[in-house]
Amino acid sequence: MKVKYLIWCAVALLCLASCKEEDDTIEEFPNWVAANDAYFSQLVADTRAKIAAGDTSWELFLGHNIPTTGHSNQYYDYIVVQKLASVGGSGLALVTPILTDTVQVHCKGNLKPSASKYKDVGMQFYTTYNGVYMEGVSTPAQFAVSQLVPGFSTAVMHMQYNKETKEGDYWRVYIPYQLAYGTTTSGSIPGGSTLIYEIRLANCWRRK
């Protein structure tokens, strides 16, 4: 009887170990750095093809921290921008932020789709509003442009804000991890992550 009991315990422990091993086989972010490299390089290639075909809603911008001469011209030197809505107007009413400015933005940030829980829509790691953005209701976040990751600051330094109409550009921005947090985990963001933001420029002003 004692031998049977010991055998049963051993089998139970093996089953538990097997279950744990099986649970661990489904990683949310497998081969994450390589997967993001492949994802972003393809995104840049597709964007270049769209631009060549005359699609003006997509653009590539060189990271502001990348030298304009002598740089490697690799896909990760750029951010990808899809312009969802642009402000009109001209003259002194239009303002484009510079590195020393302060901005207010409505934004939300997601990762690219991953293995299981976030296979359809990438994990959301940041948002300034809950649910759907509501104009006049949602509260923007305020940042010094120089304090943002290089990819984000590059984006806002190409956006425009109309001081008369109180409207700003609305873009979807794709940032390679090389212009974000690199391969180091930051909060809930795994190292090697492409950052995908929807950004509405809500205001900007010069530092006096």
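Basis of the calculations
- Residues numbered from 1 in each chain as written.
- Predicted model: local features only at pLDDT ≥ 70, side-chain atom pairs only at ≥ 80, totals over all residues.
- Heavy atoms only, no water.
- Helix = DSSP H or I, 4+ residues; strand = E, 2+ residues; numbered from the N terminus.
- Buried < 20%, exposed > 50% of the residue type's maximum accessible area, 1.4 Å probe, protein only.
- Contact = heavy atoms within 4.5 Å.
- Areas by Shrake-Rupley, 256 points an atom, 1.4 Å probe, with all protein chains shown as cover.
- pLDDT = per-residue confidence, 0-100.
- Polar contact = N/O pair within 3.5 Å; in protein donor to acceptor, adjacent residues only side chain to side chain.
- Pairing = 2+ DSSP bridges.
- Lys, Arg positive; Asp, Glu negative; His and termini not counted.
- Salt bridge = Lys/Arg side-chain N within 4 Å of Asp/Glu carboxyl O.
- Expected span 1.5 Å × (residues − 1).
- Arc of directions from axis to C-beta.

Draft legend 1. Region of the structure containing the overall build of the protein chain. Looking only at helices and strands, one finds three helices and 10 strands in the protein chain. Seen in sequence order, the protein chain has helices and strands lined up from the N terminus as α-α-β-β-β-β-β-β-α-β-β-β-β. When burial is assessed residue by residue, the protein chain has 39% of its 208 residues classed as buried. Long-range contacts, defined here as pairs at least 24 residues apart, represent 71% of the contacts in the protein chain between residues at least 6 apart. For the protein chain, the accessible area works out to roughly 12,000 Å², and carbon and sulfur atoms hold 55% of it.

Draft legend 2. The arrangement of the confidence of the model for the protein chain in detail. When pLDDT is averaged across the protein chain, the result is 88; 87% of the residues are at 70 or more. Predicted confidence for residues 1-24 stays below pLDDT 50, and this span has zero contacts to residues more than four positions away or in other chains.

Draft legend 3. Local environment of the environment of S72. Here S72 is to be found in the loop between β1 (58-62) and β2 (78-85). Assessed through its relative accessible area of 42%, S72 is described here as partly exposed. Within the structure, S72 has its side chain in polar contact with the side chain of D77 (distance 2.9 Å).

Draft legend 4. Here's a closer look at the sheet that holds strand β8 (residues 167-168). Reading across from one edge, β3-β7-β8 is the order of the three strands in this open sheet, with antiparallel pairing throughout. Each edge of the open sheet is held by one strand with a lone partner, namely β3 (94-95) and β8. Strand direction decides the pairing type here: strand β7 (residues 161-162) and β8, joined by two bridges, are antiparallel. When the sheet's bridge partners are listed, Y161 is paired in β8 with G168.

Draft legend 5. Focus on the side chain of D77. Along the chain, D77 turns up in the loop between β1 and β2. We note that D77 is buried and unpaired, the nearest opposite charge coming from R48 at a distance of 7.8 Å. Once residues lying within four places of it in the same chain are set aside, the contact partners of D77 are F61, L62, G63, I66, H71, S72 and L179.

Draft legend 6. Representation of helix α2 (residues 32-52) in the model. With 21 residues, α2 extends 30 Å between its outermost C-alpha atoms, agreeing within 8% with the 30 Å of an ideal straight helix rising 1.5 Å per residue. Within the span of α2, buried status applies to W32, N36, D37, F40, L43, V44 and T47. An end-on view of α2 places all buried positions within 135° of arc, on one side of the element. Exposed residues lying more than 90 degrees from the buried face of α2 are A34 and A52. Buried residues along α2 sit in contact with β1, β2 and β9 (170-175). At the C-terminal side of α2, G54 shows a positive phi close to 95°.

Draft legend 7. Quick peek at the pattern of salt bridges. Summed over all chains, the structure comprises three salt bridges. Two residues, R172 and E198, come together in a salt bridge whose shortest N-O distance is 2.9 Å. Residue R172 is found in strand β9, and its partner E198 is found in strand β10 (residues 195-205); the two are separated by 26 residues along the sequence. On the basis of relative accessible area, R172 is assigned to the partly exposed category, the value being 23%.

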